[in-house]
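Listed here are the chains, written in short residue letters.
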Amino acid sequence: LSEVLKSVVPRKSLEKTHQSIAGILENEFKESSDPILAERLTHHLIRSNAAKSHCVKYFFIAIEHLKKANLFRQAWNLLEKALERDCISLDDWKVRSNHYELLYLTGQLDRSIESIKEALKQNPEIRYEAHLELFLGRVLSIQGRINESIQHLEKALEISIGLCDFRKIFDIKCDLLN
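Computed from a prediction, not measured in an experiment: that's the story for all the values here.

### A short note on the environment of L132
Mapped onto the elements of the fold, L132 is located in helix 8 (residues 126-142). A sequence separation of 35 residues divides L132 from S97, and the C-alpha atoms of the two residues are 8.4 Å apart.

### Structural notes on the nonpolar core
Formed by 17 residues in total, the largest nonpolar core has its most connected members in F59, I63, L78, L79, I88 and L102. Broken down by secondary-structure element, the contributors of at least two residues to this core are helix 4 (52-68), helix 5 (72-84) and helix 6 (93-105). Broken down by element, the residue count for this core peaks at six residues, all from helix 4. Grouped together as the second largest cluster of nonpolar side chains are 11 residues, Y100, L109, A119 and L120 included.

### A look at the pattern of salt bridges
Counted according to the given criterion, the structure contains five salt bridges. When the shortest N-O distance is used, the salt bridge between K67 and E101 registers 2.7 Å. Taken together, the residues span a long stretch of sequence, with K67 in helix 4 and E101 in helix 6 at a distance of 34 residues. On the accessibility criterion, K67 (13% relative accessible area) is buried. Residue E101 is classed as partly exposed on the basis of its relative accessible area of 26%. The network of salt bridges with common partners includes E64, K67 and E101.

The rules behind these values
Residues numbered from 1 in each chain as written. Predicted model: local features only at pLDDT ≥ 70, side-chain atom pairs only at ≥ 80, totals over all residues. Heavy atoms only, no water. Helix = DSSP H or I, 4+ residues; strand = E, 2+ residues; numbered from the N terminus. Core = buried A, V, L, I, M, F, W, Y, C linked by side-chain atoms within 4.5 Å. Buried < 20%, exposed > 50% of the residue type's maximum accessible area, 1.4 Å probe, protein only. Salt bridge = Lys/Arg side-chain N within 4 Å of Asp/Glu carboxyl O.

Okay, structure coming up:
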């Protein structure tokens, strides 16, 4: 695999190469949960302009491996590269949620808040709106912006009634008030 990744491939055979790499990736991802390998393989797909479906599929697998290994900076870098190369789009809910979560996990709280607010402007489905409001409330509370945080947690609670287990939201609000 490392030889394939290092080799220079003529443009004419690039599509076959992408298909071969996709097959190799499929096997590598099935047999390994190594986050660094996942990141490198996905970076290769992104750089090589592989089919978008391959990029998206392996992007999400790699991101999850990296997050589980607490390699948030590498996950953020991978996300930035994939966005830069148009392999993924912030219009996709899964991409957007990874975007604001990784901003948060890498300590970029102001940018995380902006990303969440941008997602809220896009009129997400109601179940996503509750999640966004909850996450926004959490980030604001970390910044010490308690009154704003409570407003968003209350909104999440209001939306969540009937949608999900709202006790988690209530517990967070109670913790903030104590």
